[in-house]
Amino acid sequence: MKVLILSCNTGGGHNSAAAAISEYFEKMGSRCDIVNALDFLPKARAELISRGHVLAYKYAPKLYGAGYRIGEKIPQNHLYEQNAKGADELCRKLFSGSYDVVISVHIFAAMMMTELRASREIDIPSFFVATDYTCSPGVSEIDADKYFIPHEKLREEFVSQGIMPDRIVASGIPVREEFCRRADKAEARQALGMSEEGRMLLLCCGSMGCGPIRSIALKLGEVMDENDNLVIVCGSNRQLEKELRFLTCDDIRIKICGFTDKMSLYMDAADLIITKAGGLSTTEAVMKRLPILYIDAVPGCESRNIEFMTGNSYALEADTASGMVGLVDTCLSGAVDPMEMVRNREKDFPFTAAQTIYETVCAVYESFDRLRSDSKSEPAHEPARAMPEMQKQMMLIVNPVAGKGEMMRNIAEVTGIFMDAGYRVSLFPTKGRGDATEYVKSYSQDFDMVCCSGGDGTMNEVAAGMIEAGLDIPIGYMPSGSTNDFAEFHGISSDIVKTAKRIVTGSEHPVDVGRLGERYFINAADFGAFTWLPYSTPQRLKNKLGFYAYVLDGIKDLAKLQSEHLRITANGETKEGEYIFGIVASSSALAGALDFFGQKVVADDGLFEVLLIRRPGSPAELQATINALASQNLNNELITFYRTDRVEIECLNKLTWALDGEKCVGGSRHEIEMLTRRIRIVY
């Protein structure tokens with residue numbers, strides 16, 4: 001298994017997590033490459049992100065924290081769009097390196113991978129590793145096969161952000177193997193050339209040396225005994241190192257270090273660690289069974305780390321330098337037993353993160369590889385036939401990277417099937433989003449059939465091109481993407497060769513297409529609380545509404561439930577109110593769920609299936625809505641279901657939609673109409 005690990009040069013923690021994963025995977029026989037995801041962005045932007053992060057982190061931590069808190073409250077659409085620009089370069093890296101799986105240890109990298117899977121429909125296992133003890137802003141924007149989170153107690157927080165529970169693995173944060181082993185304290189001190197007597201305090205603030213280290217260092221001597229020692233690790237902050245050497249030169253108990261590769265040894269030698277709350281430094285200290293005292297040096301995600309660790313009695317915190325000195329004094333004097341926090345962690349903390357990640361990734365990859373192998377057709381045993389006369393023209397549009405290039409591996413056999421049926425095949429490979437639409441608009445009028453291979457995105461683009469060009473040419477569809485809801489609803493096999501045979505022998509089936517403004521959808525247009533939850537398996541669709549209930553139950557606090565004030569007109573009736581979710585389904589998006597509810601969905605009846613959920617006004621209404629969804633009962637005052645061929649929606653703010661899973665920000669007035677039996681699919 002060849003693994004691409006995507007990190008981000010915005011601090012040492014993410015690179016440390018990437019190194020830990022690589023170390024364990026390679027020990028188990030895998031091949032790993034670690035790449036800085038910022039390298040996929042334009043150079044100027046990458047440098048701005050990297051340097052800007054460092055400057056804000058070191059010199060304007062309050063500003064950094066304020067930005068983080070704002071990010072927690074609003075969708076990270078802009079951040080996603082900026083990072084999505086690296087998808088093309090990431091695509092080149094993936095296929096030039098022939099990687100089997102991708103693991104992202106930073107949200108920026110995960111956003112690039114999400115965009116790549118959505119726009120190019122690349123079917124490759126993708127994983128996200130959270131490296132802070134919180135669900136960071138932007139996690140709701142990404143799509144991964146598994147989300148590795150730091151602790152089981154954080155599961156509900158991730159679920160509340162729209163992550164499916166069955167994709168969450170409470171693995172812990174991976175650290176390098178040296179931090180997973182504990183050396184004898186006396187031996188560690190001897191190896192460092194330090195006295196074995198007294199207690200040793202370790203003061204560090206990450207790879208960049210952030211926080212009030214100077215003031216803490218100068219005051220700690222007041223509470224230390226003459227045999228105690230204080231080691232201060234300044235990281236890459238050379239100015240801090242220089243100043244501390246000057247300020248503490250008279251105290252032989254204090255040792256100043258710059259950047260060191262002996263951090264594991266220093267932790268083995270220490271009795272207590274005073275540190276900022278980085279996710280990796282926290283986890284390393286946890287693995288070393290060290291009592292942790294926190295400095296809230298950089299507000300933001302590290303404040304959330306502190307809240308989690310102190311809230312579960314895994315660590316202690318001081319707000320000021322004076323407070324930290326007092327906290328150290330209580331620990332050294334015995335007024336507080338610092339080992340109590342270590343004993344609390346022993347009860348439920350995950351200590352085998354790298355192993356858990358490796359075993360989970362292997363299981364997902366093996367399942368993926370097995371399904372892909374099972375879908376391959378059996379070799380043909382028919383005798384060779386003479387080539388028939390070419391009488392018809394076929395336009396074959398292929399997303400070459402969908403399904404890890406599955407179509408391209410079968411291209412010779414597929415085109416042979418089409419040629420045997422009398423078609424002259426012209427291949428049109430796509431390079432980016434929108435290509436399929438432009439191909440159909442520009443060239444399809446010269447062909448007898450348009451055939452495409454990719455996922456729902458490719459099928460959507462072909463349908464849009466057909467409508468915009470005013471054409472009505474039969475369409476053959478060979479699904480090979482990461483999302484194939486359309487094919488699943490119509491019973492089209494994901495076995496490319498079998499489907500090719502059905503295209504040349506099957507019959508035409510008219511299909512409705514929805515239109516929202518100037519955009520089209522073959523599955524659904526939806527908005528609100530559940531819009532970005534991906535559709536992944538038939539069972540997932542059948543349990544869709546039940547899963548909404550699970551998510552609503554995880555929110556609990558009505559104040560946190562976002563809604564839109566809408567006026568909705570359909571079938572001659574107008575309803576107005578606060579809505580938390582709505583879906584207008586052309587065909588397949590609700591098929592699994594509504595068929596299960598006894599609401600038969602038909603692809604060519606000229607009607608949308610519309611499902612709306614109003615905002616609960618009280619805890620009792622919220623619970624009633626949860627119960628209705630969980631019990632698969634649509635008879636609830638807050639849940640509306642009906643069929644119509646046209647919907648008009650007015651709102652106070654711009655409404656964000658997902659059209660067949662792709663984001664679309666509209667205005668304040670939206671007209672959705674049905675184009676009845678607009679395209680013809682052959683299968």
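Residues numbered from 1 in each chain as written. Predicted model: local features only at pLDDT ≥ 70, side-chain atom pairs only at ≥ 80, totals over all residues. Heavy atoms only, no water.

## Observations concerning the confidence of the model for the chain
When pLDDT is averaged across the chain, the result is 82; 83% of the residues are at 70 or more. Averaged pLDDT values for the elements of the chain fall to 37 in helix α24 (residues 538–542) and rise to 97 in strand β5 (residues 146–148). Ignoring residues within four places in sequence, the model shows residues 375–388, a span with pLDDT below 50, making twelve contacts including any to other chains. Confidence over residues 532–545 falls short of pLDDT 50; this stretch has 46 contacts with residues more than four positions distant or in other chains. (pLDDT = per-residue confidence, 0-100. Helix = DSSP H or I, 4+ residues; strand = E, 2+ residues; numbered from the N terminus. Contact = heavy atoms within 4.5 Å.)

## Regarding the sheet that holds strand β12 (residues 316–318)
Strand order in this open sheet of six strands is β9-β8-β7-β10-β11-β12, and the pairing throughout is parallel. Edge strands, defined here as strands with exactly one partner in the open sheet, are β9 (254–257) and β12. Sheet twist, expressed as the average angle between the axes of neighbouring strands with direction ignored, equals 20°. Docked against the sheet, helix α14 (residues 301–311) engages β10 (272–276), β11 (292–295) and β12, running at close to 145° with respect to β11. (Pairing = 2+ DSSP bridges. Axes fitted to C-alpha atoms, helices over the stretch in contact; angles between N-to-C directions.)

## Some remarks on the pairing of β10
Most of β10 sits out of view: five of its five residues are buried. Side chains L272, I274 and K276 of β10 all project onto a buried face; the interleaved residues I273 and T275 project onto the opposite face, where all are buried too. In this sheet, β11 lies alongside β10 in parallel orientation, the contact comprising four bridges. Looking at β11, one finds that I273 is bridged to I292. (Buried < 20%, exposed > 50% of the residue type's maximum accessible area, 1.4 Å probe, protein only.)

## So, the nonpolar core
One recurring pattern in soluble globular proteins is that nonpolar side chains are buried together. Ranked by size, the top nonpolar core spans 95 residues in total, and within it F25, L90, L94, F128, F158, L202 and M309 carry the most contacts. Among the elements that take part in this core, helix α6 (residues 107–119) stands out by supplying eight residues, more than any other. Discounting residues that sit within four places of it in the chain, L94 has contacts with L4, Y99, V102, M113, L116, I122 and I124. (Core = buried A, V, L, I, M, F, W, Y, C linked by side-chain atoms within 4.5 Å.)

## Observations concerning the environment of L293
Relative to the helices and strands, L293 resides in strand β11. For L293, a relative accessible area of 0% gives the class buried. Along the sequence, L293 and M324 sit 31 residues apart, while their C-alpha atoms lie 7.8 Å from each other.

## Quick notes on the packing of aromatic side chains
Enumeration over the complete set of coordinates arrives at 15 aromatic pairs. Pairing F521 with F608 gives two aromatic rings, centres 5.9 Å apart and planes at 25°, and the pair type is stacked. One end of the pair, F521, is in strand β18 (residues 519–521); the other, F608, is in strand β22 (residues 608–614), with 87 residues separating them in the sequence. Residue F521 is classed as buried on the basis of its relative accessible area, which comes to 0%. What makes F608 buried here is its relative accessible area of 0%. Site record: aromatic cluster; members linked through ring pairs are Y133, F308, Y314, F349 and F351. Seen from the ring of Y99, K2 lies directly overhead, with NZ or CZ sitting 4.9 Å from the centre. Directly above the ring of F351 sits R289, whose terminal nitrogen or CZ lies 4.1 Å from the centroid. (Phe/Tyr/Trp six-rings, centres within 6.5 Å; stacked < 30°, edge-to-face > 60°. Lys NZ or Arg CZ within 6 Å of the ring centre and 35° of its normal.)

## Digging into helix α15 (residues 321–333)
An ideal rise of 1.5 Å per residue puts 18 Å on 13 residues; α15 measures up with 18 Å between its terminal C-alpha atoms. On its buried face, α15 is in contact with β7 (200–204), α10 (213–220), β10, β11 and β12. Note on α15: the residue one or two positions beyond its end, G334, has a positive phi of about 95°. (Expected span 1.5 Å × (residues − 1).)

## Quick word on the sheet that holds strand β6 (residues 168–169)
Pairing is parallel across the open sheet formed by six strands, whose spatial order is β2-β1-β3-β4-β5-β6. Two strands in the sheet have a free side with no partner beyond their single neighbour: β2 (31–36) and β6. Across three bridges, strand β3 (residues 101–104) lies against strand β4 (residues 126–129) in parallel orientation. Paired with I103 across the bridge in β4 is F127. The strands that helix α1 (residues 12–27) touches are β1 (2–7), β2, β3 and β4; relative to β1, the one it contacts most, it runs at about 170°.

## Side note on a negative patch on the surface
On the surface, a cluster of negative charge is contributed by D184, E187, E196 and E197. On the secondary structure map, D184 appears in the loop between α8 (177–180) and α9 (185–191). (Patch = residues over 30% accessible without salt bridge, like charges linked within 9 Å, V, L, I, M, F, W, Y side chains within 5 Å. Areas by Shrake-Rupley, 256 points an atom, 1.4 Å probe, with all protein chains shown as cover. Salt bridge = Lys/Arg side-chain N within 4 Å of Asp/Glu carboxyl O. Lys, Arg positive; Asp, Glu negative; His and termini not counted. Charge placed at Lys NZ, Arg CZ, Asp CG, Glu CD.)

## Regarding the environment of D329
With respect to the helices and strands, D329 occurs in helix α15. Between the C-alpha atoms of D329 and M224, which are 105 residues apart in sequence, the distance is 7.9 Å.

## Let's talk about unusual backbone geometry
Even without glycine at this site, R289 takes up a positive phi of about 60°. Among the structural elements, R289 can be located in the loop between α13 (279–287) and β11.

## A few points about the side chain of S171
For S171, the position within the fold is in the loop between β6 and α8. When near neighbours in sequence (up to four residues on either side) are disregarded, S171 contacts F148, I149, P350, T352, A353, T356 and I357.

## Side note on a nonpolar patch on the surface
Taken together, the side chains of L218, F246 and L247 present a nonpolar region at the surface, about 330 Å² in accessible area. We classify F246 as exposed; its relative accessible area is 64%.

## Side note on the environment of D184
On the accessibility criterion, D184 (42% relative accessible area) is partly exposed. C-alpha of D184 to C-alpha of D268: the two residues are 84 residues apart in sequence and 7.0 Å apart in space. At 3.1 Å, the side chain of D184 and the backbone nitrogen of A186 are in polar contact. For D184, the side chain forms a polar contact with the main-chain nitrogen of E187, separated by 3.1 Å. (Polar contact = N/O pair within 3.5 Å; in protein donor to acceptor, adjacent residues only side chain to side chain.)

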